[in-house]
Amino acid sequence: MAEAAREMALFDRPHRPHRPRLAAGTPVRESGAAPSSAATYNVQPPCDRSTKSPSMPDLLANLNPEQHAAVTLPDEPALILAGAGSGKTRVLTTRIAWLIQTGQVSPNGILAVTFTNKAAKEMVARLQAMMPINTRGMWIGTFHGLCNRMLRAHYRDAALPQTFQILDMADQLSAVKRLMKALNVDDEKYPPKSVVNFINNAKEQGLRPQQVEATDSFNRKLVELYEAYDAQCQREGVVDFAELLLRCYELLSMSAPLRAHYQARFRHILVDEFQDTNRLQYAWLKMLAGTQAAVFAVGDDDQSIYAFRGANVGNMADFEREFRVQHLIKLEQNYRSHGHILDSANTLIANNARRLGKNLRTDAGHGEPVRVYEAATDTQEANFIVEEIRALINQGHARSEMAVLYRSNAQSRVIEHTLVGAGLPYRVYGGLRFFERQEVKHALAYLRLIDNPNDDTAFVRVVNFPTRGIGARSLEQLADVARLHNCSMAAAVPYTTGKAGSSLGAFSRLIDRMRAETLPLSLPETVDYVIRESGLVAHYETEREGEDRLENLQELINAAAAFVGEEGYGLNAPARVIAMAPNASRALEIDADGLQVVDADAPVADSMTPLAGFLSHASLEAGDNQAQAGQDAVQLMTIHAAKGLEFTAVFITGLEEGLFPHENSALEQDGLEEERRLMYVAITRAKERLYLSFTQSRMLHGQTRYNVRSRFFDELPPESLKWLTPKTEPGARWGGRSDNAGWGRDWFGRSGGERSDDGGRGESGRRGADEAYTGNTPLPAYADKQRAADTGFKVGQAVFHTKFGEGTITALEGTGGDARAQVNFRRNGQKWLALSIAKLQPIED
DNA sequence: CTACCAGTCCTTTTT
DNA sequence: GGACTGGTAG
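Residues numbered from 1 in each chain as written. Chains lettered and ligands numbered in written order. Predicted model: local features only at pLDDT ≥ 70, side-chain atom pairs only at ≥ 80, totals over all residues. Heavy atoms only, no water.

- Per an unreviewed UniProt entry, chain A goes by the name DNA 3'-5' helicase and belongs to Pararobbsia alpina.
- UniProt's Sequence similarities (unreviewed entry) comment on chain A is quoted here verbatim: "Belongs to the helicase family. UvrD subfamily." (UniProt positions renumbered as here; feature names shortened; annotations may be inferred.)

Rendered as structure tokens:
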């Protein structure tokens, strides 16, 4: 990161001058541009000669042999195993620069895909620093951004309205809730969140409702909901995140000409963080690659920490096999961490089975040992951290070079509290993002209704905000009418009568008026107009704590202005250049090689409006989630959020059994291995100094929990550790309390596939003394609660689990808080679940 | 229809 | 400990 910043600063260009406008009447227009905006067709941006780009030989000379080999690989599929801190992004970007500058491919032949907007932006920035060329011709973006781009260009083939809008997670959940209400579905038996999960899961497997096999009534209902949900989305002209990918995949698989066009176009496909791809993303890549494209996949199986959201590390092995990869290159030279830190990471991760195999090395010396601290309480742990941070600051380290990492967000509170007490500025990652704030979402909902009145999610959101006397009952009636006429709620308004009808009518007229009045306005003017006319500004002016919200609404105008100012509307915009020959009625895609017919029917007037572009930008790029960026502040974040970042000093906190590794990970297939990878990611964030801390007791969910230090300590090289507190033998400290052994849940003993040799044990027999506390030890109060929840399950019973879906109990054992059930899940296979943890619901069939 | 209180549920998360 | 949801009183 820091390296990137330096490079960017070195090659930073002055602000790019505006492009010249074409003469009036030029029959060329950019898709996504406002009718009045400049066309970009064949106008190269003025090249700024005042800054020098490094020459290609210089760029290559800066690479180590492995990096060099990767960058200059021949035109064939390749898999790059890039360890943490091994210069992965540099290899990716230099590869692109090398391909282009050696004339092997034109920028138009490049497609590079990432997971986050941040990564995509960084790639673009680095490329611009390396090459004086226009990056517009390349397709660089996130999976979702690129799919959006393609769907916008071919919305007709994809059977979408031109102004289709994108549901974010919250929108999707509310759409499902609305649907379930309309269909009178019991939300106890079918929690909306799990219905959403089911739908997204299916889509990420590439399955439409007809293709999901439903063997029983429970699953049949879910499939039914999935089908109704898809129909609802189609009627409303909206797509969710998974739909963007699936629809794009289907578009390519159904349309031979489009498929041929894009397969011929993209000669080189580069994939970042390949280990995080899911099945659908892999299928999409494969489809796009066809038989000719050279796919350059960069990933690290040891940093795969997103299996819980569908990432499939197996894609790496599949890729190697299916693409007949001849070039597998390992980047093992680490440029980030000192020796003891790296040794710790290597030793820990060696405990995982089924790795592709990789060992990081460094030229830096051993450096300082890894410091380990045991605290009595979470407060004491926080105090220790703050003291160390203070000392580091006194030694001249910047606050922003220090990070406190934790497994779960709940842990940040104590640390924040202590930092506040010490007067140390800090920054917590992972809060609400800009476009997710309620006032911003309200404003966006009005904008969405202007663009697409059928968007019921937006309609429901603001029809009574600010309050207009339209309550739940009126809306229920309206929804019924809409269902009856199979139309949107907005379209159903004229059918309503009475008092509710007149309020609704007034709302309808408000939206219509906004649509008409904003037609001639620019995007920022439109936003400005809408936040006033909707009554949002007035509403927040009267609200006590409304000042921040007003500020955010103002900021939304600025965001709109920035958006239209950005060349080509940024990464998520549809960037296909649609042009029309004079007097012709056909739209063409302009390629480096000339003009090609892409959509024979799309008239030029069909270019996307800035508003639609801004709305998809808002959904796809929810914005910064870090408070007061730019300040020199201590960084607080979850380990997941820390992936890809680096800091001089890192504190990994809460290293306790049950917390990290998290107890729930025992429920998941290969859960412990993923926790270990998470620990690996955490360790490799540190450059010079690493602290590991754990506590004997910790307040969690309002109750004190007594924890045992994490098993990960036993998986680290002792010679690299420096215990700041005496290292106690596990269990020794607890000798006096061994009567509680029965409550120590051996919750990892069952995780199949792990190395643990006691995997199959756990009968009634007593556990060995040193095993008794491998689990956490709940307080009596907690234990009572568990005991009280006596199972009530029986073997053969059908049950439902929010994460794993439906299954049948195949075995039961233990009692009270120790009770466990073996469940055979239809979709997820056999699992042992601790009944005190898993929320199993009985299903009557 | 709204406002307020009590009961519930608590990993990780990008798009 | 706290955010969110649902129910009930006004």
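Points about the protein's contact with DNA strand C
So, step 1. Around DNA strand C sit R413, H701 and G702, and those are all the residues in its vicinity.
So, step 2. Between DNA strand C and the protein, one listed contact pairs a base oxygen with a backbone N or O atom of H701 at 3.1 Å. (Near = heavy atom within 4 Å. Polar contact = N/O pair within 3.5 Å; in protein donor to acceptor, adjacent residues only side chain to side chain.)

Notes on the UniProt feature "domain: UvrD-like helicase ATP-binding" (unreviewed entry) in chain A
So, step 1. UniProt records the feature "domain: UvrD-like helicase ATP-binding" (unreviewed entry) for residues 61–338 in the present numbering.
So, step 2. With 50% helix and 12% strand, residues 61–338 has end C-alpha atoms that lie 24 Å from one another. (Helix = DSSP H or I, 4+ residues; strand = E, 2+ residues; numbered from the N terminus.)

Structural notes on the nonpolar core
If you look at soluble globular proteins, the nonpolar side chains tend to sit buried side by side.
So, step 1. Ranked by size, the top nonpolar core spans 66 residues in total, and within it I269, W284, L288 and F319 carry the most contacts.
So, step 2. Dropping the residues within four chain positions of it, W284 is found in contact with F143, L146, C147, L245, C248, Y249 and L252. (Core = buried A, V, L, I, M, F, W, Y, C linked by side-chain atoms within 4.5 Å. Buried < 20%, exposed > 50% of the residue type's maximum accessible area, 1.4 Å probe, protein only. Contact = heavy atoms within 4.5 Å.)

Some details on the sheet that holds strand β4 (residues 139–142)
So, step 1. In spatial order, the strands read β4-β3-β7-β8-β2-β9; together these six strands make up an open sheet with parallel pairing. Looking at strand neighbours, the two that pair on one side only are β4 and β9 (327–331), the edges of this open sheet. Sheet twist, expressed as the mean angle between neighbouring strand axes with direction ignored, is 15°.
So, step 2. Bridge analysis of strand β2 (residues 78–82) against β9 gives five bridges, and the strand direction is parallel. (Pairing = 2+ DSSP bridges. Axes fitted to C-alpha atoms, helices over the stretch in contact; angles between N-to-C directions.)

Comments concerning the environment of D301
So, step 1. With respect to the helices and strands, D301 occurs in the loop between β8 (294–299) and α13 (314–322).
So, step 2. Sequence separation between D301 and N315 is 14 residues, and the spatial gap between their C-alpha atoms is 9.9 Å.
So, step 3. One polar contact links the side chain of D301 to the main-chain amide nitrogen of L356, over a distance of 2.8 Å.

Notes on the pattern of salt bridges
So, step 1. Going through the model one piece at a time under the given rule, you end up with 49 salt bridges.
So, step 2. D168 is the partner of K441 in a salt bridge, and the nearest nitrogen-oxygen pair spans 2.7 Å. With a gap of 273 residues between them, K441 in helix α17 (residues 438–451) and D168 in the loop between β5 (165–166) and α7 (169–182) connect regions that are remote in the sequence. Comparing K441 with D168 shows no difference in burial state: the two are buried.
So, step 3. Measuring nitrogen to oxygen at the nearest pair gives 3.0 Å for the salt bridge that ties K358 to D300. In this pair, K358 is assigned in the loop between α14 (339–349) and β10 (370–377) and D300 in the loop between β8 and α13, connecting sequence segments 58 residues apart.
So, step 4. Residue classification places K358 among the buried positions, given a relative accessible area of 6%.
So, step 5. Looking at D300, the relative accessible area reads 2%, which means it is buried.
So, step 6. Sharing partners across several salt bridges, the network here consists of K203, R208, D230, D240, E243, R247 and E250. (Salt bridge = Lys/Arg side-chain N within 4 Å of Asp/Glu carboxyl O.)

What about the pairing of β4?
So, step 1. Here strand β3 (residues 110–114) pairs with β4 via four bridges, running parallel. Paired with T114 across the two strands is T142, which belongs to β4.
So, step 2. With respect to chirality, the unit in which β3 leads through helix α5 (residues 117–130) into the neighbouring parallel β4 is right-handed. (Right-handed = clockwise from strand over helix to strand, strands pointing away.)

Structural notes on helix α16 (residues 412–422)
So, step 1. For α16, the full list of buried residues reads S412, V414, I415, T418 and L419. The buried side chains of α16 occupy one side of the element, clustering within an arc of 165° when seen end-on. What points out from α16, more than 90 degrees from its buried face, is the exposed set R413, H417, V420 and G421.
So, step 2. In this fold, the buried residues of α16 make contact with α15 (378–394), β11 (402–406), β12 (426–428) and β16 (634–638).
So, step 3. Of the residues trailing α16, G423 is marked for its positive phi of about 70°. (Arc of directions from axis to C-beta.)

Topic: the packing of helix α6 (residues 143–153) against helix α10 (residues 241–254)
So, step 1. Two elements in contact, α6 and α10, have axes whose closest approach is 9 Å; the angle formed by their N-to-C orientations is 55°. Viewed along their axes, α6 and α10 adopt a mutual orientation that is oblique. Crossing of α6 against α10: the hand is left-handed. Contacts from F143, H144, C147, N148, M150 and L151 of α6 reach α10 at F241, L244, L245, R247, C248, L251 and L252.
So, step 2. Its residues assigned to classes, the contact of α6 with α10 comprises 10 nonpolar, two polar and one charged. (Parallel < 35°, antiparallel > 145°, perpendicular 65-115°, else oblique. Left-handed = near helix turned anticlockwise from the far one by under 90°. Nonpolar A, V, L, I, M, F, W, Y, C, P; charged D, E, K, R; others polar.)

Considering the packing of aromatic side chains
So, step 1. Counted by the stated rule, this structure contains 24 aromatic pairs.
So, step 2. The ring of F164 has R152 sitting right over it, with the charged end atom 3.7 Å from the ring centre. (Phe/Tyr/Trp six-rings, centres within 6.5 Å; stacked < 30°, edge-to-face > 60°. Lys NZ or Arg CZ within 6 Å of the ring centre and 35° of its normal.)

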